[in-house]
Protein chains: 2
Amino acid sequence: MISLTEENYLKALFNLANNAGEVNVNELSKQLGIKMPTVTSMMKKLAEKKLVHYESYKPLRLTEKGKKEAALVVRKHRLTEMFLVDKMGFGWEEVHDIAEQVEHVRSTVFFDKLDELLGFPKFDPHGAPIPDKNGKLAWISYNKLSECHAGDIVKVSAVIHTSAEFLKFLNNRNIRLGTKMKIKSIEPFDGSMDITYDNRQETFSLAASERLLVENAK
Amino acid sequence: MISLTEENYLKALFNLANNAGEVNVNELSKQLGIKMPTVTSMMKKLAEKKLVHYESYKPLRLTEKGKKEAALVVRKHRLTEMFLVDKMGFGWEEVHDIAEQVEHVRSTVFFDKLDELLGFPKFDPHGAPIPDKNGKLAWISYNKLSECHAGDIVKVSAVIHTSAEFLKFLNNRNIRLGTKMKIKSIEPFDGSMDITYDNRQETFSLAASERLLVENAK
DNA sequence: CTATGATGTTAGAATCATCTAACAAAATAT
DNA sequence: ATATTTTGTTAGATGATTCTAACATCATAG
C-alpha cells in the first residue's frame, strides 16, 4: 500500500524528472516544501519498496514500478482537473489545488467513472497527457515557444509548470489551447518575443515563452 | 485547523448522538474501528480545542463549536453523495465509501460548486438532510416504519445507518425514496411486517423496518 | 589544486495517531 | 449487597512523517 505522503513524493519525482529520468534531492525538497533530510529518509523507504533507485549522493530515479505508480497518481490528478474544467465549470487556473486533494481518493470506480464521463480524454486542460490505466503515457513531442524562430506560425498545445499566476497571465491575454500565433520578431538581448494572434499584438518574456508548448501550424 | 482524523471523530460523534446529544466512548470506538484508549485521548485533545465536552466516565457531547464543525463535514459528505448519484450516475449503495474520502477535500469553492450544480439540495440520496453553510440542519421528524401500525399508508422518506447491504436489499425489492406502501399486518412475535406496494407483497423484519423513515401518506 | 559554497547524509528529537497491558469505575446480575 | 461484566482510563510503546544541528561529499571559482 502506498500512503498519501508517498504518492506525493512519487508524483513530484515523476513531474521533475529530466530526459534521463533523474531528479536531485534538493529539487525534490524544494518542490515539496520538505527539508532535505526528510526527503533522503523517504527515498530510502521508497527504495526499500522498490519504487525508487537510490544511491548516496547520486541523482534519484524512479524504478519501472515507481514510474507506473507515479503515473497512476498523475492520471488521477489530470482526470480530476479535466472533470473540474469540463463538467464543473472551473477555470483552468483554479483546478490544480483542488485536484491535488481529490487525486488521493482511493476508489478505482470513481476515477473510471470520471474517465468515462469525460469520454476517455487524452489530455488535461493544460494540454498535459493523461496516462492510461496501465500508467502508459502517449508522449507527443511539442516544442517550447522559446525555441521557435521569427516568422514561425504555431498553435498553442500545452502549458508547462502551470501555476495559477501564469494561467491568469494567459487568460488576461486571451490565450488558450489551440490559439494560433505568429512570431513577429525575437529580441536578441533578452529573448523576448513579439507575437501576433487574434488581431492582437503582445510581447512575451522568455519566462513566458519557455512555458508554452506549441505545434507547427504551417 | 482540524485534521482529517479529527474530522472523522467529529462526524462520528455527530452521527451517533442520541436525543440528548450524548455518545459513549465505547460506541464511538466501535463506529470508528479504533480502540477505546485512543478514543479517550483524542477526546481530551478535542476538549482542549473546545470541540467536545469531556469529563471522565461521562458520556461525550459536542460543544456548539464542535457541532458546527461536525455539521460542515457532514455537509461535505452529503453534498458529495448527492453529486455522485445525481450527476455522476452512481447507485445510492455505492456512494458512501467514495464520499467518505472526498469529504476531506479542503476547498470551499469545490463544495460550493457542487451545491450550486445540484441546485442547493436539502436532502442527500438517502433522505438525510444536508446542513447549510453555517452547519444548520433543517430537521424534519420522520417516523420509523417499525413504529407504524397495521393499516397505515406511508411514503418512504429516508434511510438510516445506510449500509451498502441494506441499500442493495432495498434495490432488490424496488424500494426507493417516495415509494408508497401499506402495512397489511404486523407479527406480534418478532415485529415483522407484511407490506404491499407497487403491486408487490413483501415481509420486512424488524431490523429492516427500523431503518426506514417514513411520512404519513394519507 | 585547494577553499568555499552547494548539496546530501546522519543522528537525534518532536508530533500525531495508533496500539496493548494493566488498572479503575460503573452497571448489572445473582 | 456483593460478584461479575462492561465500560472507561492510565501508562508506556510503536510507526509514520517531519524537524534541526552537525557532519560529509561534491562541484567550482580562484
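Sequence order as written defines residue numbering, which begins from 1 separately in each chain. All chains are assigned letters beginning at A, and all ligands numbers beginning at 1, according to the order in which they are written. Totals for whole chains, interfaces and linings use all residues, but because this is a predicted model, local features are given only for residues with pLDDT of at least 70 and pairs of side-chain atoms are given and counted only at 80 or more.

1. Some thoughts on the sheet that holds strand 2 (residues 52-53) of chain B
Residue and element names in this part refer to chain B.
And then number 1: Each pair of strands is called paired provided DSSP finds at least two bridges between the two strands. Numbering of helices and strands runs from the N terminus, with a helix taken as a DSSP run of H or I at least four residues long and a strand as a DSSP run of E at least two residues long. On the basis of which strands lie adjacent, the open sheet formed by three strands has the order 1-3-2 and antiparallel pairing. The open sheet has two edge strands with one neighbour each: strand 1 (22-23) and strand 2.
And then number 2: Two elements, strand 2 and strand 3 (residues 60-62), share two bridges in a ladder whose sense is antiparallel. Looking across to strand 3, one finds that His53 is bridged to Arg61.

2. Let's talk about the environment of B:Arg173
Residues and elements named next belong to chain B.
And then number 1: Note on placement: Arg173 falls in the loop between helix 7 (164-172) and strand 6 (180-186).
And then number 2: Three classes are used. A residue is buried when 20 or more other C-beta atoms lie within 10 Å of its own, exposed when 12 or fewer do, and partly exposed in between, with C-beta atoms placed from the backbone. Here Arg173 falls in the partly exposed class, since 16 other C-beta atoms lie within 10 Å of it.
And then number 3: Taking the C-alpha atoms as reference points, Arg173 and Gln201, 28 residues apart in sequence, are found 9.6 Å from one another.

3. Notes on the pairing of strand 5 (residues 153-159) of chain B
And then number 1: Direction of pairing for strand 5 of chain B relative to strand 6 of chain B: antiparallel, over a ladder of three bridges. In the sheet register, B:Ile153 faces strand 6 of chain B, and the bridge partner there is B:Lys182.

4. What about the protein's contact with DNA strand C?
And then number 1: The full set close to DNA strand C counts 18 residues, and A:Asn24, A:Asn26, A:Pro37, B:Ser3 and B:Pro37 are the nearest of them.
And then number 2: Mapped onto the surface near DNA strand C, the elements with two or more residues apiece are helix 2 (25-32) and helix 3 (36-48) of chain A together with helix 1 (4-16) and helix 3 (36-48) of chain B.
And then number 3: Element by element, the count of residues in the surface near DNA strand C is highest for helix 3 of chain B, at four residues.
And then number 4: Classes in brief: Ala, Val, Leu, Ile, Met, Phe, Trp, Tyr, Cys and Pro nonpolar; Asp, Glu, Lys and Arg charged; the others, Gly included, polar. The residue inventory of the surface near DNA strand C, partitioned by class, reads eight nonpolar, eight polar and two charged. Using a C-beta atom placed from the backbone, a residue is scored as near a molecule or strand whenever that atom is within 6 Å of it.

5. Some remarks on the environment of A:Leu84
Residues and elements named next belong to chain A.
And then number 1: Considering the arrangement of structural elements, one finds Leu84 in helix 4 (residues 64-86).
And then number 2: Looking at Leu84, the number of C-beta atoms within 10 Å reads 24, which means it is buried.
And then number 3: A C-alpha to C-alpha distance of 32 Å links Leu84 and Met42, two positions 42 residues apart in sequence.
And then number 4: In contact with Leu84, other than residues within four places in its own chain, are Phe90, Val95, Ile98 and Ala99. Once C-beta atoms are placed from the backbone, any two residues with those atoms within 7 Å are in contact.

6. Quick notes on the interface of chain A and chain B
And then number 1: Contact with chain A, which involves eleven residues of that partner, is made by eleven residues of chain B.
And then number 2: Listed by contribution, the elements that provide at least two residues to the side of chain A that touches chain B are helix 5 (95-102) and helix 6 (108-117) of chain A.
And then number 3: The greatest single-element share of the side of chain A that touches chain B, amounting to four residues, is contributed by helix 5 of chain A.
And then number 4: Of the residues contributing to the side of chain A that touches chain B, the split by class is six nonpolar, two polar and three charged.

7. What to know about the relation of the copies chain A and chain B
Think of it as a corkscrew move, a rotation about one axis and a shift along it, taking one chain copy to the other.
And then number 1: Least squares is the method used to superpose the copies, on C-alpha atoms of residues holding a pLDDT of at least 70 in both. In screw terms, the move from chain A to chain B is a rotation of 180° and a rise of 0.0 Å along the axis, fitting with an RMSD of 0.1 Å. The relationship between the two copies is best expressed as a two-fold rotation axis. The position closest to the rotation axis in chain A is occupied by the C-alpha of A:Val102, lying 3.3 Å away.
And then number 2: A share of 100% of the interface residues of chain A reappears at the interface of chain B, consistent with the copies meeting face to face through the same patch.

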